[in-house]
Amino acid sequence: RAAFKAVMDGKQVAVLVPTTILAEQHFQTFTKRFDQYPVRIEVLNRYKTAREQRAIVDDLNRGLVDIVIGAHRLLQKDVEFKDLGLVVIDEEQRFGVAHKERLKKLRTLVDILTLTATPIPRTLQLSLVGIRDLSVIETPPEERQAATVFIAEFDDDVIAPAIRREFQRCGQVFFVHDRVQSIHRVARYLAGLVPEARIGIAHGQMKPRELEDVMIRFLRKELNLLVCTTIISSGVDVPSANTILINRADRFGLAQLYQLRGRVGRSKEEAFVYFLVPKGARITGDALKRLQVAQEFSEPGSGFKVATHDLEIRGGGNLLGVSQSGHISAVGFELYTELMETAVRELRGDRKPELEIRPEIHLGFPAFIPDEYIADMHLRLLTYKKISIASDDEEIAKIREELQDCYGVFPPEVRNLIAVIALRNRMKACLVTKVSYDGRTLAVSFHEQAKVDPAKIVELTKRYPRNLVVSPEGRLTLRPPALETDRVVGFIEDFLRDAGLVACETACRGGAVD
């Protein structure tokens, strides 16, 4: 629909996909959907001869082609567009930043639509901080069932029954072996194990026509067992194939496992997924964690949760560079994104805040959301974000009511977290930069522009003649009576009020809670 809108407005559309097979599938789908309209659609892939490719590229440069679909061939320097309006990137997790930026450089102003079941950490982070818009399709197609996932050792007694069970219901099987050098040996092993199987082999180093022939025969059900590499992981749609066995699953990434799992269960039949690991092999902790996460999130539409795990494990990468995962070591990620937001605001010409206050709070008690209170990681992350951006008592009250309604009575850690955020807002309003309490000493530091009432400080000195120390650099130190955890925040708020630190009208923002 987005491509249709762009073409009707006189713009060209580029659809970038990671594999030749997927390009062919999209070409067939687009051709079928647009057959009633005067739209020229072409596909650029290695199935085309060099002469055919040159002709398509020439017509593309002259604006005679409305929609072009292709893999990395679209990114080569000879491909130009007369008036590119929309770039659609399917299976976005398979491309690097440099690939995607290449298309954006063709035109300064171009709309980008990226599609993926498992967004890479950098893309997900860009969406979560609001730099990119995000739409999530959570409803699976009608009658679609969740796949049943097994983690098993590579064993004849596991593999043979799994394949035969699928054959008995007239289905087809994928066997993924991601090593081209030994894929024929694996095919011979399976032929000996299940003699009745009609086996085909598919991998990226095959000649285009051979690969196309194998895939067509598999789609026509002339073959019922396809031994293949991860070439089938992107977009291959075979509704009759509902069992997949993945050899050396411990070597695959989380997104790869999820994508491969998505090759089966594309009809109303129940699907089975087998993650095979070598007998007696020592699996690393990270590999086992990946397998367990992939097994846990087997419901249709779980890719977003898988991607959230991936973001938490690997980090969000670099917003300006080409790294699509990893942690920013020089500064914290929230500080990094905040600096980015400030820079973007200045470029837009928005008024810069006169003063930025970033309160630090060190109170020595736990303030977080326990896993037992909100089990779903995605919901937990969203709740953290919602709490952290609450800027007044009214918003905090709404969050408290919503949490109690959805998850029940607060555990102490959640109560502490909400109290700390409320304290942070008071500190920002009063221009208090830091509060710390170690069980014995309370220290309050305030900004030089904070409005402090000297008379109030004198009153406090009289109230605590030996326990209160006032330093010239704007720091109050007090040794209060021993405080219970649930009284610490309330005591600090009372102390700020008694010290005459009143709300400041100067624009301020920020906040870091430890």
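Residues numbered from 1 in each chain as written. Predicted model: local features only at pLDDT ≥ 70, side-chain atom pairs only at ≥ 80, totals over all residues. Heavy atoms only, no water.

Draft legend 1. Expanded view of the overall build of the chain. Counting its secondary structure elements, the chain contains 17 helices and 17 strands. By element, 50% of the accessible surface of the chain is carried by carbon and sulfur atoms, the whole surface being about 27000 Å². (Helix = DSSP H or I, 4+ residues; strand = E, 2+ residues; numbered from the N terminus. Areas by Shrake-Rupley, 256 points an atom, 1.4 Å probe, with all protein chains shown as cover.)

Draft legend 2. Up close: the environment of C170. Tracing the sequence through the fold places C170 in the loop between α6 (156-168) and β7 (172-176). Under the relative-accessibility criterion, C170 is labelled exposed at 63%. Remark: the alpha-carbon pair of C170 and N224, spanning 54 residues in sequence, is separated by 8.7 Å. (Buried < 20%, exposed > 50% of the residue type's maximum accessible area, 1.4 Å probe, protein only.)

Draft legend 3. The sheet that holds strand β9 (residues 225-228), seen in detail. One open sheet holds the 6 strands; their spatial order is β6-β11-β10-β7-β9-β8, and the pairing between them is parallel. A single partner strand is all that each edge strand has here, and the edge strands are β6 (148-153) and β8 (199-202). Across this sheet, the average inter-strand angle for adjacent strands is 20 degrees, counted without regard to direction. The pairing of β6 with strand β11 (residues 272-277) spans 6 bridges and is parallel. Counted as the bridge partner of A152 is L276 from β11. Lying on the sheet, α6 is in contact with β6, β7, β9, β10 (241-246) and β11; it crosses β10 at an angle near 170 degrees. Across the face of the sheet, helix α7 (residues 183-193) comes into contact with β7, β8 and β9 while running at roughly 165 degrees to β8. (Pairing = 2+ DSSP bridges. Axes fitted to C-alpha atoms, helices over the stretch in contact; angles between N-to-C directions. Contact = heavy atoms within 4.5 Å.)

Draft legend 4. Seen up close, helix α17 (residues 485-498). With 14 residues, α17 ought to run about 20 Å at 1.5 Å a step, and its terminal C-alpha atoms sit 21 Å apart, in line with that. Buried within α17 we find V488, V489, F491, I492, F495 and L496. When α17 is viewed along its axis, its buried side chains cluster within an angular range of 165 degrees and face the same direction. Opposite the packed face of α17, turned more than 90 degrees from it, sit the exposed residues D486 and R497. Once α17 finishes, G500 follows within two positions and takes phi at roughly 80 degrees, a positive value. (Expected span 1.5 Å × (residues − 1). Arc of directions from axis to C-beta.)

Draft legend 5. Expanded view of the packing of helix α13 (residues 377-388) against helix α15 (residues 412-430). In contact at an axis separation of 10 Å, α13 and α15 are set at 30 degrees when each is read in the N-to-C sense. The angle between α13 and α15 falls in the class roughly parallel. From α13, Y384, I387 and S388 reach across to α15, where they touch L417, I421 and R424. Tallied by class, residues from the contact of α13 with α15 come to 4 nonpolar, 1 polar and 1 charged. (Parallel < 35°, antiparallel > 145°, perpendicular 65-115°, else oblique. Nonpolar A, V, L, I, M, F, W, Y, C, P; charged D, E, K, R; others polar.)

Draft legend 6. Structural context of the nonpolar core. Counting residues in hydrophobic clusters, the biggest one holds 36 residues, and the most contacted among them are F174, L226, I232, I244, I246 and F275. Those elements giving two or more residues to this core turn out to be β7, α8 (208-219), β9, β10, α9 (254-261), β11 and α10 (285-296). It is α8 that contributes the most residues to this core, 4 residues altogether. Those residues in contact with I246 that lie beyond four places of it in its chain are V176, F252, L260, V273, Y274, F275 and L276. Ranked by size, the runner-up nonpolar core spans 29 residues in total, among them V435, L468, L478 and L496. (Core = buried A, V, L, I, M, F, W, Y, C linked by side-chain atoms within 4.5 Å.)

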